[in-house]
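Residue-level structural notes
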Amino acid sequence: MLRLVRACPARHKLLVLDVAWPVADPQLGILSNDVAGRIGGELAAVEDPDRLVLCTCSPGQVALASEELGRSVFGYYFEQALRGWADGFGPEGKRDGRVSVRELAAMVAARVDRWAIGNRGARQTPVLLGSGEDFDLVAMP
């Protein structure tokens, strides 16, 4: 799949990986599953200077879900970010009516990790990987 993404002629590419769910066995409970820890190596094996990758959590962590939200915590805040809440997030903090990839990633990382700590006593810190340049995803009316 990474080779197909690299072959895409687009200058700006964002790949969102929500693949770090814990593996559960009814008899053994949650099993170790560090998919997030292996993503960096897989990305390095298929270089793509135009690609940015947003991962649902950092190495050693797993994705969390919320019964109250009815979905993954990452998915909830990802949607909120795309609705415009991420405008102005990031080091510059400047609202311009647009949501860029880096603004989205900063907001999602902050909100998801805050939720995880407050509700589960765990960490889930989404991470943006890659060397591609930032670009706008959404422009608000």
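Here the structure is a predicted model, which means the values were calculated and not measured.

Secondary structure assignment for the protein yields four helices and nine strands. Each helix and strand of the protein, ordered N terminal to C terminal, gives the series α-β-β-β-α-β-β-β-α-β-α-β-β. Against the 2.2 N^0.38 benchmark of 14 Å for 141 residues, the protein shows a C-alpha radius of gyration of 16 Å, consistent with a compact globule. Seen through its C-alpha atoms, the protein measures out along the principal axes to roughly 50 × 35 × 25 Å. Of all 141 residues assigned to the protein, the portion counted as buried reaches 37%.

Within the secondary structure, Glu-103 sits in helix α4 (residues 101-120). One buried charged residue, Glu-103, remains without a salt bridge, the closest side chain of opposite sign being Arg-95 at 8.0 Å. Separated by 2.9 Å, the side chain of Glu-103 and the backbone nitrogen of Ser-100 make a polar contact. Excluding its chain neighbours within four sequence positions, the residues that come into contact with Glu-103 are Ala-86, Asp-87, Gly-88, Phe-89, Lys-94 and Arg-98.

Now for the pairing of strand β1 (residues 13-17). The side-chain alternation of β1 yields one buried face, formed by Lys-13, Leu-15 and Leu-17, and one unburied face, formed by Leu-14 and Val-16. Where β1 lies against strand β4 (residues 51-55), five bridges are found, and the strand directions are parallel. By the bridge assignment, Leu-14 is partnered in β4 with Leu-52.

Right, let's talk about the state of the cysteines for a bit. Scanning all chains against the criterion turns up zero disulfides. Here Cys-8 is not cross-linked by a disulfide; its sulfur's nearest cysteine counterpart is in Cys-55, at 19 Å. Unpaired in this structure, Cys-57 has its nearest cysteine sulfur neighbour in Cys-55, at a distance of 7.9 Å.

Here we take up α4. Its 20 residues place the ends of α4 27 Å apart at the C-alpha level, agreeing with the 28 Å of an ideal helix rising 1.5 Å per residue. Inspection of α4 places Val-101, Glu-103, Leu-104, Ala-105, Met-107, Val-108, Ala-109, Val-112, Asp-113, Trp-115 and Ala-116 among the buried residues, and these make up the whole buried set. Within two residues after α4, Gly-121 carries a phi angle of roughly 65°, on the positive side.

Here we come to the confidence of the model for the protein. Atomic detail in the predicted coordinates should be set aside for any region of low pLDDT. Averaged over the protein, the pLDDT score is 89; the fraction of residues at 70 or greater is 91%. In the model of the protein, strand β3 (residues 29-31) stands out as the element of lowest mean pLDDT, 55, in contrast to α4, which has the highest, 97.

The next point concerns helix α3 (residues 73-85). Helix length check: α3 (13 residues) gives 15 Å between terminal C-alpha atoms against 18 Å at 1.5 Å per residue, more than 12% under. Those residues of α3 that fall on the buried side of the exposure criterion are Val-73, Phe-74, Tyr-77, Phe-78, Gln-80, Ala-81 and Gly-84. Along the axis of α3, the buried residues cluster in a sector spanning 165°; they form a single face. Next to the buried residues of α3 lie β1, β4, β5 (65-66), β6 (71-72), β7 (98-100) and α4.

Parameters at a glance
Residues numbered from 1 in each chain as written. Predicted model: local features only at pLDDT ≥ 70, side-chain atom pairs only at ≥ 80, totals over all residues. Heavy atoms only, no water. Helix = DSSP H or I, 4+ residues; strand = E, 2+ residues; numbered from the N terminus. Rg over C-alpha atoms; globule rule 2.2 N^0.38 Å. Buried < 20%, exposed > 50% of the residue type's maximum accessible area, 1.4 Å probe, protein only. Lys, Arg positive; Asp, Glu negative; His and termini not counted. Salt bridge = Lys/Arg side-chain N within 4 Å of Asp/Glu carboxyl O. Polar contact = N/O pair within 3.5 Å; in protein donor to acceptor, adjacent residues only side chain to side chain. Contact = heavy atoms within 4.5 Å. Pairing = 2+ DSSP bridges. Disulfide = S-S within 2.5 Å. Expected span 1.5 Å × (residues − 1). pLDDT = per-residue confidence, 0-100. Arc of directions from axis to C-beta.

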